[in-house]
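Summary of the model geometry
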Amino acid sequence: VIVLILIFSSVAKSYKNGVAAPKGIQSFFEPIIVFVRDDIAKVNIGRKYEKFLPYLLTLFFFILFNNLLGLTPGSANLSGNIAVTMTLALFTFFITNFSGRKAYWMHILWTPGVPLPIRPVILLVEIIGIFTKPISLTLRLFASITAGHIVVLSIIGLGFILQNTAVGVVGTLFSVVITLIEIVVALIQAYVFTLFSSMYIGQAVDDGHH
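Here goes a summary of the coordinates provided. All of these numbers come straight from a predicted model, not from anything done at the bench.

Bringing the overall build of the protein chain into the picture now. Within the protein chain one finds seven helices and zero strands. Ordering the α and β elements of the protein chain from the N terminus gives α-α-α-α-α-α-α. In summary, the protein chain has a C-alpha radius of gyration of 21 Å against a globular reference of 17 Å for 210 residues, an excess of more than 25%. A principal-axis box enclosing the C-alpha atoms of the protein chain has dimensions of 70 × 55 × 25 Å. Counting over 210 residues, the protein chain shows a buried share of 34%. Across the protein chain, every contact between residues at least 6 apart in sequence was considered, and the portion connecting residues at least 24 apart equals 73%. A total accessible area of about 12500 Å² is found for the protein chain, and carbon and sulfur atoms account for 74% of it.

This part takes up the nonpolar core. Counting residues in hydrophobic clusters, the biggest one holds 31 residues, and the most contacted among them are Ile 45, Phe 61, Ile 63, Phe 65, Leu 88, Phe 193 and Ile 201. Only helix H1 (2–16), helix H2 (25–45), helix H3 (49–69), helix H4 (82–98), helix H6 (119–162) and helix H7 (165–205) provide two or more residues apiece to this core. The element contributing the most residues to this core is H3, with 13 residues. With near-sequence residues (within four places) excluded, Ile 201 lies in contact with Ile 45, Phe 52, Tyr 55, Leu 56, Ile 95 and Thr 96. Of all hydrophobic cores here, the second largest spans five residues; its members include Phe 93, Ile 108, Ile 130 and Ala 204.

Turning next to a nonpolar patch on the surface. On the surface, Leu 68, Val 176, Leu 180, Ile 183 and Leu 187 cluster together into a nonpolar patch covering about 400 Å² of accessible area. Among the elements that take part in the nonpolar patch, H7 stands out by supplying four residues, more than any other. Among the secondary structure elements, Leu 68 is positioned in helix H3.

Rules of the game
Residues numbered from 1 in each chain as written. Predicted model: local features only at pLDDT ≥ 70, side-chain atom pairs only at ≥ 80, totals over all residues. Heavy atoms only, no water. Helix = DSSP H or I, 4+ residues; strand = E, 2+ residues; numbered from the N terminus. Rg over C-alpha atoms; globule rule 2.2 N^0.38 Å. Buried < 20%, exposed > 50% of the residue type's maximum accessible area, 1.4 Å probe, protein only. Contact = heavy atoms within 4.5 Å. Areas by Shrake-Rupley, 256 points an atom, 1.4 Å probe, with all protein chains shown as cover. Core = buried A, V, L, I, M, F, W, Y, C linked by side-chain atoms within 4.5 Å. Patch = residues over 30% accessible without salt bridge, like charges linked within 9 Å, V, L, I, M, F, W, Y side chains within 5 Å. Salt bridge = Lys/Arg side-chain N within 4 Å of Asp/Glu carboxyl O.

Read these as spatial facts, not as claims about activity.
Here it is in structure tokens:
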């Protein structure tokens, strides 16, 4: 959080000073911010995206920074803590449901085009779906980040368990490759969590007019 505040305070300060063209750290983060705005928020939420853009940007960069910092030696694997991923998922859950429009709740409580005898079953399925969304967000991020750390730990541990130098060297090389893959996964998971959050919010705030 401190890193986020320091970096984006600096970026915001540049805009307040009326910088004509982005430069330095601002030029690095501006394309990412624009990507989240145009390709995630606008696409999935529509014209009401601005209300939720600060949350989505915070979500994206918070997860991304924690994923990357979790790969540094001696750091805490925060995104691999299910309590943290669950808290993030609950933020999305509450924002989605408290922002839900009439069309969203009518679709859940009184799904159009469904025969009356089947409505109770559909209602149960829709209600379950409300709670499975945050659960899937929680487990997807937690499992993806934790899996890579477990694999690296297992490979490195083989060298000590077998007490073999060759196994240790090969294991270290494999660990480097997996760590590089984890960097890609860190980016992807930040994108996926933010993408699904925006999709859920977009479904909730849709007024039903097309």
